[in-house]
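Architecture and fold: a report
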Amino acid sequence: LESIAEDIRVAVVSHPAISQAEVTGVPPHELKVTITREKMHEIGLTAGEIARRIGAGSRELSGGGLKTNRGDILLRVTDRKKSASEFGELTIATSPQGSRILLSQIATIEDGYEENDQSNYFNGQRSARVDVYRVGEESTLAVSAAIKNVLVEQRTTLPNSIDIDVWNDESG
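Residues numbered from 1 in each chain as written. Predicted model: local features only at pLDDT ≥ 70, side-chain atom pairs only at ≥ 80, totals over all residues. Heavy atoms only, no water.

A few points about the nonpolar core
The cut-off we apply is this: Definition used in this section: a nonpolar core is a set of buried Ala, Val, Leu, Ile, Met, Phe, Trp, Tyr and Cys residues joined via side-chain atoms within 4.5 Å. Note on classification: 1.4 Å probe, protein chains only; a residue is buried when its accessible area is under 20% of the maximum for its type, exposed when over 50%, partly exposed between these limits. Strands here are runs of E lasting at least two residues and helices are runs of H or I lasting at least four, both read from the DSSP assignment and numbered beginning at the N terminus. In what follows, a contact means two residues having at least one pair of non-hydrogen atoms within 4.5 Å.
With 16 residues, the main nonpolar core has Ile35, Ile43, Ile50, Ile54, Ile92, Leu103 and Ile106 as its most contacted residues. Those elements that place two or more of their residues in this core are helix H2 (37-43), helix H3 (47-56), helix H4 (84-88), strand S5 (91-94) and helix H5 (103-106). Not counting chain neighbours up to four residues away, the residues in contact with Ile43 comprise Ile50, Ile92, Ile101 and Ile106.

This is the structure:
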């Protein structure tokens, strides 16, 4: 369910009228990275330095907007990693010979979900939410219309057991 919601979130923020959306209502994705002290010593980094490099290597940021004579352009930087294999490709350090040292070369990386009692239901069924936000000068009506268009497209890609709907549309 979380994976499908994330695919829908990506489709939503790919629409030019929408710049921010997040998946909620599912246990948070958790990535467990295990590195031995020996490996940290070998590459000359602390656990905190490695954690900062992992965080810096996986981001999604709203970059603001530009006003042009042809309309507004919204900027977004997306480099969000989602899986252990994607995180494994992060460059953590460089060897003395100049080659990249990848996270997968120095750590064990496990995908999973945070253990908690969080569940989300819609119309009596387990669900996940994709919350969409208007940012800056974005028009609430344009964002609402864009969401409805994206959902029409996304419905064609979903298994029959999955349904998507608009809930709590505050556009008017």
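Thoughts on helix H6 (residues 140-155)
Rules: A helix is expected to reach a length of 1.5 Å times the quantity of its residues less one. The directions considered for the arc are those from the helix axis to the C-beta atoms. Polar contacts, as counted here, are pairs of nitrogen or oxygen atoms within 3.5 Å of one another; within protein the pair requires one atom able to donate a hydrogen and one able to accept it, and residues that are adjacent in sequence qualify only if both atoms are side-chain atoms.
Taking 1.5 Å per residue as the helical rise, H6 with its 16 residues ought to reach 22 Å, and the 23 Å between its terminal C-alpha atoms agrees with that figure. All buried positions along H6 are accounted for by Val143, Ser144, Ala146, Ile147, Val150, Leu151 and Gln154. One side of H6 carries all its buried residues, which in axial view fall inside an arc of 160°. In H6, the exposed positions that point more than 90 degrees away from the buried face belong to Leu141, Val152 and Glu153. The secondary structure elements touched by the buried residues of H6 are helix H1 (2-14) and strand S10 (129-133). With a side-chain oxygen lying 3.3 Å from the backbone nitrogen of Leu141, the N-terminal cap of H6 falls on Ser139.

Overview of the packing of aromatic side chains
Put simply, the rule is: Each Phe, Tyr or Trp ring (for Trp, its six-membered ring) is paired with any other whose centre lies within 6.5 Å, and the angle between the two planes then decides the class: stacked below 30 degrees, edge-to-face above 60, tilted in between. Note on criteria: charge over ring means Lys NZ or Arg CZ within 6 Å of the ring centre, with the direction from the centre no more than 35 degrees off the ring normal.
This model, assessed by the stated rule, comprises zero aromatic pairs. Above the ring of Tyr121, the side-chain terminus of Arg126 is found at 6.0 Å from the ring centroid.

Let's talk about unusual backbone geometry
Positive phi is not limited to glycine here, since Asn123 has a value of about 50°. Secondary-structure assignment places Asn123 in the loop between strand S8 (121-122) and strand S9 (125-126). With a relative accessible area of 65%, Asn123 lands in the exposed category. Despite not being glycine, Asn168 has its phi angle at roughly 60°, a positive value. With respect to the helices and strands, Asn168 occurs in the segment after H6.

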